[in-house]
Amino acid sequence: MKMGEARAAALSALTQSPLDVLIVGGGIVGAGVARDAAMRGLKVGLVDKHDFAFGTSSRSSRLLHGGLRYLAQGRVGLVHEASVEKKVIHHIAPHLAEPLPFIFPTYRGNKHWVLWQLKIGVKVYDLLCGGRNLGKSTWLSQREVLQLVPALTPVNLNGAVRYYDGFTNDARLTLDTLRSAARSGAHIVNYCRFQDATRADLWECEVEDLLARTRLKIRARTVVNATGPWADGLPHSRVKLRVTKGIHLVVERSRVPVPDTVVMTEGKRILFAIPWGERTIIGTTDTDYEGPLDHVTADATDIRYVLDITNQFFPQAKLTAPDVIGAWAGLRPLLADPNGNPSDISRSHEIRNPETGWWDVAGGKLTTYRLMAEQTVDQLVKWLTKQRALNGHTQPCRTAAEPLLPTTETANLSGILPPPFNRSAVEHYCANEWAVHLDDVMVRRTSWHYYYRDAALKAQQVANWMGELLGWSEAQRVSELGNYHAATASAAVSESSPSANARELNDQSSLPVV
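Everything numeric here is computed off the predicted structure, so don't read it as measured data. Each residue is numbered by its place in its chain's sequence as written, counting from 1. With pLDDT at 70 or above as the cut-off, local features in this predicted model cover only qualifying residues; side-chain atom pairs require 80 or more to be listed or tallied, and sums for whole chains, interfaces and linings still use all residues. Only hydrogens and water are set aside; all other atoms, that is, all heavy atoms of the structure, feed into the side-chain values.

Looking now at the overall build of the protein. A run of H or I in DSSP becomes a helix once it reaches four residues, and a run of E becomes a strand once it reaches two; helices and strands are each numbered from the N terminus. On a plain count of helices and strands, the protein comes out with 15 helices and 20 strands. For the radius of gyration, the atoms used are the C-alpha atoms, and the globule rule reads 2.2 Å times the number of residues raised to 0.38. For the protein, whose C-alpha radius of gyration is 22 Å, the value lies close to the compact-globule estimate of 24 Å for 514 residues. If one aligns the C-alpha atoms of the protein with their principal axes, the spans along those axes are about 65 × 55 × 45 Å. Residue exposure (1.4 Å probe, protein chains only): buried if accessible area is under 20% of the type maximum, exposed if over 50%, otherwise partly exposed. The buried share of the protein, taken over its 514 residues, is 60%. Within the structure as shown, the protein displays about 19800 Å² of accessible surface, and the carbon and sulfur contribution to it stands at 51%. Computed with the Shrake-Rupley method and a 1.4 Å probe, the accessible areas treat only the protein chains shown as cover for residues.

This is how it looks when you write it as structure tokens:
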């Protein structure tokens, strides 16, 4: 089936007999809910006004972790929950969940991160993973640290702990989860905006196909709001968020030569230098954000802050803005205090049922997406069963046991590193992964935009391939290139709209985009 025909079929299916659930939002949480619900036998639809993983789910630190810092804050339950889930993802998606060692050096003068306390912490951390983390934690002397990371500054270095978490590709995890949902019968459409809904016996939802510029009616017994940073702006939503921004930079690994992820500290805050093939990802910042949700930028102040910290820990790097190969800026949809206290930030999640048949799912983190989805679908099934809306018995949750996809569907197409640059990959993304625009492929399906210095040249070639595959006119091809450059410029570096001082705001909290 051709790409246009597949989209038309999905839209038609959405508007036929009532859905058991319509999910609004195609990020990692919405994808997880769609997969779980479809695997249990529910009739599932999902729409997103952007591409899938357009927001937070393609702009994180790409880490699967319990959060050693959260343990220091006493959030043992959250750490245990996430530590178990990172192992689940390693089981169901091994191509997207590699064990990743972390070296956490400590320095004299930083009272917030003390070596003996970290030694205890990493052992507790292992225990919270059920006693079997992705690798065994150890500690290192100053000499051993410098043998592993010779470029690290030795000044006032005490030693380090070494522990394990996981490394993923957030956008690929989202897309593969959606592909798994579709294999189980979910009807999934991107570039389709939820407008509003009213309820009588069912929810009557109005959506707009943004490609065809047509409006459609979808009838659903339940609706799940899984729109991340957009959650508190959706009609009927009762979500209250505090949105913060984090940026990540990509540089040559030869400039920041790390064999494992290295934790860099500034007071209580931590940043990461993460090895990614021939590149190193460095970040993140944490600043309050009140700008447009669709256009988030990494401004000059953010970039300078991350580079300054990195240069302190790796003084030979001498990084400046021109050394940055790629950058992304994303938003954390943090749950706000019910009384409006902005300092009460949590990485926990909430699932609320504010009115009949409507669920808001908000907060949480990438690592716990599957659990959030399971808990949400549990509530949906319980309610639908009481309403006698389900024909026959639903299946139990199987998302922790069954692989996302067979390896034949992921090899050379989906992984932590970008896939080989070739036409066959682009053909696959257009035919099987809902790719419509140039940035869908360059940014979210492949990460080619972030990984390659000659991404602009590669984008021209991809535009030629997509034009042939999707029947673009020359004017459409030129427009796609222009839109891609505009979108990636706004998602990367903006000199014209500096934020408040990143260093001051970073001292307020310490939550990575994960």
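Next comes the rest of the write-up.
Any carboxyl oxygen of Asp or Glu that lies within 4 Å of a side-chain nitrogen of Lys or Arg is treated as forming a salt bridge with it. Taken as a whole and judged by the stated rule, the model has 39 salt bridges. With a closest N to O distance of 2.8 Å, Arg7 and Asp209 form a salt bridge. Taken together, the residues span a long stretch of sequence, with Arg7 in helix α1 (residues 3-14) and Asp209 in strand β9 (residues 203-209) at a distance of 202 residues. By the burial criterion, Arg7 is buried, and Asp209 matches it. For Arg172, the salt bridge goes to Glu433, with nearest N and O atoms at 2.9 Å. Of this pair, Arg172 sits in helix α7 (residues 170-183) while Glu433 sits in the loop between α10 (423-432) and α11 (438-445), and the two are 261 residues apart along the sequence.

With respect to the element layout, Thr174 can be found in helix α7. Judged by its relative accessible area of 0%, Thr174 falls in the buried class. Sequence-distant contacts of Thr174, that is, excluding residues within four places in its chain, are made with Gly26, Gly27, Ile28, Ala31, Ala53 and Ser57. Contacts between residues were defined by any pair of non-hydrogen atoms, one from each residue, lying within 4.5 Å.

Here we take up the pairing of strand β6 (residues 157-167). Within β6, nine of the eleven residues are buried, which leaves it mostly tucked inside the rest of the structure. In the sheet, strand β3 (residues 63-64) pairs with β6 via two bridges, with the strands oriented antiparallel. Bridge pairing in β6 places Leu64 opposite Gly166. One bridge is not enough; two strands pair if DSSP finds at least two bridges between them. As paired strands, strand β4 (residues 98-107) and β6 are joined by ten bridges and run antiparallel to one another. For Thr106, the partnering residue across the bridge sits in β6 and is Gly159. When strand β5 (residues 138-141) meets β6, the two strands line up antiparallel, connected through four bridges. Directly across from Ser141, in β6, lies its bridge partner Gly159.

This paragraph deals with a nonpolar patch on the surface. Within this analysis, patches are made of residues with over 30% relative accessible area and no salt bridge. Like charges are joined at 9 Å or less; nonpolar side chains (Val, Leu, Ile, Met, Phe, Trp, Tyr) at 5 Å or less. A cluster of nonpolar side chains, Trp116, Ile120 and Val124, forms an exposed patch at the surface whose accessible area comes to about 310 Å². Examined against the element boundaries, Trp116 turns out to sit in helix α5 (residues 115-128). Here Trp116 falls in the exposed class, since its relative accessible area comes to 54%.

Okay, the nonpolar core next. Grouped together as the largest cluster of nonpolar side chains are 48 residues, with contacts concentrated most on Phe104, Tyr163, Leu438 and Val462. The leading source of residues in this core is helix α13 (residues 455-470), at six residues. Ranked by size, the runner-up nonpolar core spans 45 residues in total, among them Ile28, Ala38, Val224 and Leu384. What is meant by a nonpolar core is a set of buried Ala, Val, Leu, Ile, Met, Phe, Trp, Tyr and Cys residues, joined one to another through side-chain atoms within 4.5 Å.

Two aromatic rings, drawn from Phe, Tyr or Trp (for Trp, its six-membered ring), form a pair once their centres lie within 6.5 Å of each other, and the interplanar angle then sorts them: stacked below 30 degrees, edge-to-face above 60, tilted otherwise. What the rule picks out here adds up to 15 aromatic pairs. Aromatic side chains Phe102 and Tyr163 sit 5.2 Å apart centroid to centroid with 20° between the ring planes, which places their arrangement in the stacked category. On the criterion of sequence distance, the pair formed by Phe102 in strand β4 and Tyr163 in strand β6 is long-range, its members being 61 residues apart. Summarising the burial analysis for this pair, Phe102 and Tyr163 share the class buried. Look at Tyr125 and Tyr163: their rings are 5.7 Å apart centre to centre, the planes differ by 85°, and that puts the pair in the edge-to-face class. Taken together, the residues span a long stretch of sequence, with Tyr125 in helix α5 and Tyr163 in strand β6 at a distance of 38 residues. Like Tyr163, Tyr125 is buried. Put simply, the rings of Phe102, Tyr125, Tyr163 and Phe272 touch in pairs and so form one group of aromatic residues.

Axis definition: a line fitted to C-alpha atoms, limited for helices to the stretch in contact. Angles are taken between N-to-C directions and run from 0 to 180 degrees. In the contact formed by helix α4 (residues 76-92) and helix α9 (residues 369-386), the axes pass within 8 Å of each other and the chain directions differ by 100°. The angle between α4 and α9 falls in the class roughly perpendicular. Between α4, through Glu81, Glu85, Val88, Ile89 and Ile92, and α9, the contact on the second element is made entirely by Tyr369, Arg370 and Leu371. Throughout, the ten residues Ala, Val, Leu, Ile, Met, Phe, Trp, Tyr, Cys and Pro are labelled nonpolar, Asp, Glu, Lys and Arg are labelled charged, and all others, Gly among them, are labelled polar. Here the contact of α4 with α9 is built from residues that sort into five nonpolar, no polar and three charged. Oblique is the label for any angle not under 35 degrees, not over 145, and not in the 65 to 115 range, which are roughly parallel, roughly antiparallel and roughly perpendicular in turn.

Further remarks concern the environment of Glu374. Take Glu374: it is sitting in helix α9. Each residue touching Glu374, except ones within four places of it in the same chain, is listed here: Asp36, Arg40 and Cys397.

Moving on, we come to helix α8 (residues 300-313). In a helix, the anticipated span is given by 1.5 Å times the number of residues less one. The end-to-end C-alpha distance of α8, which contains 14 residues, comes to 20 Å, matching closely the 20 Å that a straight helix rising 1.5 Å per residue would cover. Counting buried residues along α8, eleven of its 14 residues qualify, which places the element largely inside the surrounding structure. Within α8, burial applies to Ala300, Thr301, Asp302, Ile303, Tyr305, Val306, Leu307, Ile309, Thr310, Asn311 and Phe313. Here a polar contact is recorded for every N or O atom pair within 3.5 Å, except that within protein the pair must consist of a potential hydrogen donor and a potential acceptor, and residues adjacent in sequence are included only if both atoms are side-chain atoms. Its side-chain oxygen at 3.0 Å from the backbone nitrogen of Thr301, Asp299 defines the N-terminal cap of α8.

Counting through the fold element by element, Asp288 comes out in strand β15 (residues 287-288). Counting along the chain gives 46 residues from Asp288 to Arg242, while the straight-line C-alpha distance between them is 7.9 Å. Within polar-contact distance, the side chain of Asp288 engages the side chain of Arg242 at 2.7 Å.

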